[in-house]
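# Observations on chain architecture
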Amino acid sequence: MRLQSLALAAVLLPAAASAQDKPDPARLKADVEKLVSFGTRHTLSDPNNPTRGIGAARRWFADEMKRTSARCGGCLQVSTVERIFTGERAPGGVNVVDVLAVQPGSDPNRVVIVQGHIDSRVTNVMDSTRDAPGANDDASGVALVLEAARLLSKKKFKATIIYAALSGEEQGLFGGQLLADTAKERGWQVAAVLNNDIVGNTLGQNGQRVADRVRVFSEGIRASEDLPAQLARRVNGGEDDGPSRALAKAIDHVATGIPGGLDVFVDRRNDRFGRGGDHEPFLKLGYPAVRFSVAIENYNQQHQDLRTENGIEYGDTVDKMDFPYLAKVTAINAATIARLAAAPAAPAEVSLNGALGMNTTVTWAPVPGAAGYRVRWRRNDKQDWTDSRDVPGTASEAVLKDVIVDDVFIGVSALSADGTESLVTFGGRAPRRAPR
């Protein structure tokens, strides 16, 4: 796995690469500064003002994606989706617009989504006129999306990549809901959603600097599973191996292959304690989704009116950010997207048989286009896969000799011809067959 991660990282971060092949801190800073220059990006701000407000910011993002597309011969399709939302923070209703840049793959219906929210706010969530720079929350995520598009649009992939700037996060996760509903309506096979929200600072409110890691939040038990499915997952011991947790673990392994990069802290929660983000609507519809956030936060710089009180500066401004750190978070996102977009889909189902025996039989649903499969296992007291066996060709079954099913967890991933690996699908009890 580490060799594969290194190979993917080399695509984006080769030792002798030019600056154009790497996430560029200066370019990320310029994008954040441009987003801040729109004054406020509040969802309820004037959408038609040419220089101020969320409409101007969205149009600039779309224009940037069009410029990126022009450099790759029109490889990106830039469009918007929109819908009226009404809620406690939008009592009169608001037209929420998500801006999408779509990079079609050879399997256009299977998609990998990377996203950040373009809206901002101050202390009063209903104040749509006061300056709300929103540098870290979440111009950092939007700048990351732009930079990922600049890097990955130069390459061809099997899966379609969708680069998204969402609106309405601060008013009720409206933009995430809109894009999740769009995915369902269009029948997309969503392989992964990488939600980046507050990904550009390293100095915490307590004065501690944490610049060596990034948090990746993921669910274990799936929000979309009904009670019988949740009970079955518990019986199988799969609480730590749902699709979103498998995605977080894959991100962790990808990050280990990036020289001079960040450690991924696999945070085993949906999100920060008592808080939420735009990945959650995807989870409710059953799509694998995670949230990237900085390792340490400064709450004086989130959702604050710009002011100084008792010598403390409040407000989410550019000078509080760490752009070399943001570049490293961008590199992890880009390398993860490259892996998942180059790999086949994950197996839809993996079943185990082996009760009252010394061997375990593993069967899985065949994946179109897969050149082989990787059977992974680990002892039940471990969190990460420790052993594996590759099964070439179109086989859909493997027997693990002297691997006792009681004491191990088992999963299967699909492999491309060059060995690029999908997410791992966790194995459970095989369906019971009617007696003869």
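See the structure shown above.
Read on for an overview of the structure. Each chain has its residues counted from 1, running along the sequence as written. Local features in this predicted model are restricted to residues whose pLDDT is 70 or higher, and side-chain atom pairs enter the listing and the counts only when it is 80 or higher, whereas totals over whole chains, interfaces and linings include all residues. Each side-chain value is worked out from all heavy atoms of the structure, with water and hydrogens disregarded.

## Examining the state of the cysteines
Inclusion rule: What counts as a disulfide here is a pair of cysteine sulfur atoms lying within 2.5 Å.
Summed over the entire model, instances satisfying the criterion amount to one disulfide. Note on cysteine connectivity: C72 is disulfide-linked to C75, with sulfurs 1.8 Å apart. Handedness here is read from the sign of the S-S torsion; for C72 and C75, about -75 degrees, the answer is left-handed.

## Topic: the packing of helix α8 (residues 243–256) against helix α10 (residues 323–342)
This is how the line gets drawn: Every angle, taken between N-to-C directions, lies between 0 and 180 degrees, and every axis is a line fitted to C-alpha atoms, over only the stretch in contact when it is a helix. We count a stretch as a helix when DSSP gives it H or I for four or more residues in a row; a strand needs E for two or more, and each element gets its number in order from the N terminus. The cut-offs work like this: below 35 degrees is roughly parallel, past 145 is roughly antiparallel, 65 to 115 is roughly perpendicular, and the gaps in between are oblique. Left-handed is the label given to a crossing in which the near helix is rotated counterclockwise from the far helix by less than a right angle, and right-handed is the label when the rotation is clockwise. In this description, contact between two residues means that some pair of their heavy atoms is separated by no more than 4.5 Å. For this scheme, ten residues count as nonpolar: Ala, Val, Leu, Ile, Met, Phe, Trp, Tyr, Cys and Pro. Four count as charged, namely Asp, Glu, Lys and Arg, and the remainder, Gly too, count as polar.
Contact geometry for α8 and α10: axes closest at 9 Å, N-to-C directions at 115 degrees. By the angle class used here, α8 and α10 are roughly perpendicular. Note on packing geometry: the crossing formed by α8 with α10 is right-handed. Only I332, A335, T336, R339 and L340 of α10 make contact with α8, whose side of the interface consists of L247, A250, I251, V254 and A255. By residue class, the composition of the contact of α8 with α10 is eight nonpolar, one polar and one charged.

## Re the pattern of salt bridges
Convention followed: The working definition used for a salt bridge is a side-chain nitrogen of Lys or Arg within 4 Å of a carboxyl oxygen of Asp or Glu. Remark: exposure states derive from per-residue accessible area (1.4 Å probe, protein chains only) relative to the maximum for the residue type, with buried under 20%, exposed over 50%, and partly exposed in between.
Taken as a whole and assessed by the stated rule, the structure comprises 31 salt bridges. Of the charged contacts, one joins D319 and K320 as a salt bridge, the two residues approaching to 3.1 Å between their closest N and O atoms. In this structure D319 comes out as exposed when scored by relative accessible area, which is 58%. Given a relative accessible area of 22%, K320 falls into the partly exposed group. A salt bridge links E421 to R339, with the shortest nitrogen-to-oxygen separation between them at 3.9 Å. Of this pair, E421 sits in the loop between β16 (408–415) and β17 (425–426) while R339 sits in helix α10, and the two are 82 residues apart along the sequence.

## Some details on the sheet that holds strand β5 (residues 189–196)
To keep things clear, this is the line we draw: Pairing between strands requires that DSSP locate at least two bridges from one strand to the other.
Here eight strands make up an open sheet; going across it, the order is β1-β2-β4-β3-β5-β8-β6-β7 and the pairing mixed. Among the strands making up the open sheet, the edge pair consists of β1 (77–87) and β7 (263–267). For this sheet, the mean inter-axis angle between neighbouring strands, taken without regard to orientation, is 25 degrees. In terms of strand pairing, strand β6 (residues 213–217) meets strand β8 (residues 289–294) through four bridges, oriented antiparallel. Across the sheet, V214 pairs through a bridge with V294, a residue of β8. Sheet contacts for helix α4 (residues 135–152): β2 (90–103), β3 (107–117), β4 (159–166) and β5; angle to β3, the most-contacted strand, approximately 145 degrees. Across the sheet, α10 is in contact with β3, β4, β5, β6, β7 and β8; its angle to β3 comes to roughly 165 degrees.

## Details of the sheet that holds strand β14 (residues 387–392)
In space, the four strands of this open sheet follow the order β14-β13-β16-β17, with antiparallel pairing throughout. The outermost strands of the open sheet, each flanked by one partner alone, are β14 and β17. Summarising the sheet, β16 and β17 pair through two bridges and their orientation is antiparallel. For G411, the partnering residue across the bridge sits in β17 and is F426.

## Re the nonpolar core
How we decide: For this analysis, a nonpolar core means a set of buried residues of the types Ala, Val, Leu, Ile, Met, Phe, Trp, Tyr and Cys, connected via side-chain atoms within 4.5 Å.
In terms of nonpolar packing, the biggest core is built from 69 residues, with F61, M65, Y163, I251, F292 and I332 touching the most fellow members. For this core, the element with the highest residue contribution is α10, accounting for 13 residues. Counting 24 residues, the second largest nonpolar core, distinct from the first, contains L100, V102, W188 and F282.

## Overview of the packing of α4 against α10
It is the contact of α4 with α10, at a shortest axis distance of 9 Å, that shows an interaxial angle of 50 degrees. Taken together, the axis directions place α4 and α10 in an arrangement best described as oblique. For the pair α4 and α10, the crossing hand works out as right-handed. Where α4 abuts α10, its residues S140, L144, E147, A148, L151 and L152 lie against L326, V329, T330, N333, A334, I337 and A338. Residue classes in the contact of α4 with α10 are distributed as nine nonpolar, three polar and one charged.

## Description of the environment of R110
Heads up, the condition is: The term polar contact refers here to a pair of N or O atoms within 3.5 Å; inside protein, the definition further demands a hydrogen-donor-capable atom paired with an acceptor-capable atom, and it admits residues adjacent in sequence only when both atoms are side-chain atoms.
When you line up the elements, R110 lands in strand β3. Leaving out residues up to four positions away in the same chain, R110 has contacts with K158, A159, T160, Q189, A191, L340, A341, A343, P344 and A345. For R110, the side chain forms a polar contact with the main-chain oxygen of A343, separated by 2.5 Å.

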